Amino acid sequence: MKITKKIFETAANEGRTFILENEAKEILKAYGLPVPPYDTACTAEEAASKARKIGFPVVLKILSKDIVHKSDAGGVKINLRDEEAVKRAFVEIMDNARNYGAQRGIQVDLSRGVLISSFAEMGTEVIVGVTKDAQFGHAIMFGLGGIFVEVLRDVTFRLIPLTETDAREMIYEIKASKILEGVRGQPPRDTESLVRVIMAVSKLIEENQQISELDCNPVFLYERGKGALVVDARIILEPSAVTHT
Ligand code: ADP
Ligand code: MG
């Protein structure tokens with residue numbers, strides 16, 4: 001897809017393998033993945049006016065090639081309810097990012113400003129990730145968010161490309177799968193939307209082999225019929241994709 005190629009070219013020209021969240025979301029959108037409305041801003045004033053256009057509440061997140069894990073750098077502020085809160089959050093995020101750099105002895109690039117995103121209603125957190133193995137190529141990973149992946153390692157993998165049947169099997173073979181069927185009076189989750197997310201990620205990778213890592217983490221999965229939203233997206237390119245010859 002044209003937009004994907006353009007974004008990867010820009011990254012290559014800037015000598016970075018890390019695709020910023022706004023770029024990653026642009027790519028996901030082009031592949032039909034659902035993301036909350038977003039925009040970008042380079043000043044507190046601009047962030048506030050863009051937030052008003054998107055509609056409150058919003059989330060602000062740092063956009064920097066030097067910050068891959070935004071929360072770790074104090075680079076995420078959620079549930080901002082008015083323009084004042086957005087302006088304050090902007091200043092805090094920039095301060096945090098500078099401190100993060102200072103502690104590591106690096107100068108963090110702050111020129112890209114922040115992502116402003118609509119604050120998504122909480123859903124069941126799932127993760128759809130992609131890793132690349134030198135021998136086997138790209139594999140897609142699926143699991144539930146938080147402790148399920150981090151502590152229990154309750155995840156499942158398939159090589160890309162995969163079929164819709166593969167995607168459905170993945171969803172049902174994790175140990176915590178029952179959570180998606182609805183437990184303790186909770187309605188079942190929209191697993192058909194989840195199948196579509198997995199299939200779209202598979203297609204995106206099939207067509208862009210220079211991706212070394214992709215993470216949709218978290219994806220919020222809502223009750224059946226209410227869809228899913230990819231709330232955070234990280235894409236990293238192979239180093240060879242950005243080296244000039
Ligand atoms: P990172 O993984 O780089 O630290 P995320 O974008 O995942 O940053 O943000 C951290 C957390 O903030 C997410 O796990 C999610 O709980 C919350 N969050 C991020 N964006 C949104 C959003 N648009 N709506 C609601 N919650 C969000
Ligand atoms: Mg994340």
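Before reading on, note that the structure itself is shown above.
None of these values were measured; they are calculated from a predicted model.

Student: What am I meant to see in the overall build of the protein here?
Tutor: Within the protein, the secondary structure is distributed over 8 helices and 11 strands. Scaling as 2.2 N^0.38, a compact globule of 245 residues should have a C-alpha radius of gyration of about 18 Å, and the protein matches this with 18 Å. Here the C-alpha coordinates of the protein stretch approximately 55 × 45 × 35 Å along the principal axes. Burial analysis of the protein (245 residues in total) assigns 49% to the buried set. At a minimum sequence separation of 6, the contacts of the protein that also span at least 24 residues come to 62%. Just so you have it, the protein exposes about 12,200 Å², and 51% of that area is on carbon and sulfur atoms. Taking the average place of the 32 positive charges on the side chains of the protein and the average place of its 35 negative ones, the gap between the two points comes to 2 Å.

Student: How should I be thinking about helix α2 (residues 21-30) in this particular structure?
Tutor: Note: α-helices contain 3.6 residues per turn, so residues at a spacing of three or four share the same orientation. With respect to burial, α2 is a largely interior element, 7 of its 10 residues being buried. Among all positions of α2, only E21, N22, E23, A24, K25, I27 and L28 are buried. Of the residues one or two after α2, G32 is the one with positive phi, at around 80 degrees.

Student: I'm lost on the site of ligand 1 in this one. Help?
Tutor: Taken together, 17 residues lie around ligand 1, and K61, K70, S71, A120 and D232 are the ones closest in. A120 places a polar main-chain atom, nitrogen or oxygen, 2.8 Å from a nitrogen atom of ligand 1. N217 is positioned such that a nitrogen or oxygen atom in its backbone is 3.5 Å from an oxygen atom of ligand 1. Out of a free accessible area of 550 Å², ligand 1 has 83% covered by protein chains. Contributing elements (two or more residues each) for the shell around ligand 1: β3 (58-62), β4 (76-80), β5 (114-118) and β9 (211-221). The element best represented in the shell around ligand 1 is β9, accounting for 3 residues.

Student: Please explain the pairing of strand β6 (residues 124-133) as it appears in this structure.
Tutor: Side-chain positions along a regular strand alternate between the two faces of the sheet. For β6 and β9, the ladder comprises 7 bridges, and the chain directions are antiparallel. Residue pairing across strands places T131 opposite E213, the latter belonging to β9. Alignment of β6 against strand β7 (residues 137-144), held across 8 bridges, turns out to be antiparallel. In the strand pairing of β7, G129 is matched with M141. Hairpin geometry of β6 and β7 is characterised by an intervening segment of 3 residues between the two adjacent antiparallel strands.

Student: Would you explain the coordination of the magnesium ion (ligand 2) in this entry?
Tutor: In a perfect tetrahedron of four donors around a metal, the angles come out at 109.5 degrees. In a perfect octahedron of six, they are 90 or 180 degrees. Only N217 (O) and D232 (OD) from the protein coordinate the magnesium ion (ligand 2), and they sit 2.2 to 2.3 Å from it. One end of the pair, N217, is in strand β9; the other, D232, is in the loop between β10 (228-230) and β11 (233-237), and 15 residues separate them in sequence. Its relative accessible area of 29% is what places N217 among the partly exposed residues.

Student: Which parts of the structure should I look at to understand the packing of aromatic side chains?
Tutor: For any pair of aromatic rings, geometry is given as the distance between the ring centres together with the angle between the planes. For the structure on display, the rule yields 0 aromatic pairs. Between R104 and the ring centre of Y100, over which it is positioned, the NZ or CZ distance is 3.8 Å.

Student: I tried to follow the pattern of salt bridges on my own but got confused; where do I start?
Tutor: Two side chains of opposite charge can pair, provided their charged atoms sit close to one another. A full pass over the atoms with the stated rule returns 25 salt bridges. The partner of K87 in a salt bridge is E84, with the nearest N and O atoms 3.7 Å apart. On the criterion of helical spacing, the pair formed by K87 and E84 is a turn pair, its members being 3 residues apart in helix α4 (residues 83-104). By relative accessible area, K87 is classed as partly exposed at 21%. Judged by its relative accessible area of 46%, E84 is partly exposed. Of the charged contacts, one joins D95 and R98 as a salt bridge, the two residues approaching to 3.2 Å between their closest N and O atoms. One end of the pair, D95, and the other, R98, are both in helix α4, 3 residues apart, so they sit about a helical turn from each other. Residue classification places D95 among the partly exposed residues on the basis of a relative accessible area of 34%. Each of the salt bridges in this network shares a partner with another, and the network as a whole consists of E21, K25, K61, K70 and D232.

Student: It is not clear to me how the sheet that holds strand β2 (residues 38-41) should be interpreted in this structure. Could you clarify?
Tutor: The strands that make up a sheet are held in pairs by hydrogen bonds between backbone atoms, and each pair lies either parallel or antiparallel. With antiparallel pairing, 4 strands are arranged side by side in an open sheet as β2-β5-β3-β4. What marks the edges here is a single partner per strand, and that holds for β2 and β4. Each neighbouring strand pair of the sheet contributes to a mean axis angle of 20 degrees, computed without reference to strand direction. As defined by bridge partners, β2 adjoins β5 across 4 bridges and the pair is classed as antiparallel. Bridge pairing in β5 places Y38 opposite S117. In the packing of α2 onto the sheet, contacts are made with β2, β3 and β5, and the angle to β2 comes to roughly 155 degrees. Here α4 sits on the sheet in contact with β2, β3, β4 and β5, set at roughly 20 degrees to β3.

Quick notes on the rules
Residues numbered from 1 in each chain as written. Chains lettered and ligands numbered in written order. Predicted model: local features only at pLDDT ≥ 70, side-chain atom pairs only at ≥ 80, totals over all residues. Heavy atoms only, no water. Helix = DSSP H or I, 4+ residues; strand = E, 2+ residues; numbered from the N terminus. Rg over C-alpha atoms; globule rule 2.2 N^0.38 Å. Buried < 20%, exposed > 50% of the residue type's maximum accessible area, 1.4 Å probe, protein only. Contact = heavy atoms within 4.5 Å. Areas by Shrake-Rupley, 256 points an atom, 1.4 Å probe, with all protein chains shown as cover. Lys, Arg positive; Asp, Glu negative; His and termini not counted. Charge placed at Lys NZ, Arg CZ, Asp CG, Glu CD. Near = heavy atom within 4 Å. Polar contact = N/O pair within 3.5 Å; in protein donor to acceptor, adjacent residues only side chain to side chain. Pairing = 2+ DSSP bridges. Donors = N, O, S within 2.8 Å, 3.2 Å for Na, K, Ca; no water. Phe/Tyr/Trp six-rings, centres within 6.5 Å; stacked < 30°, edge-to-face > 60°. Lys NZ or Arg CZ within 6 Å of the ring centre and 35° of its normal. Salt bridge = Lys/Arg side-chain N within 4 Å of Asp/Glu carboxyl O. Axes fitted to C-alpha atoms, helices over the stretch in contact; angles between N-to-C directions.

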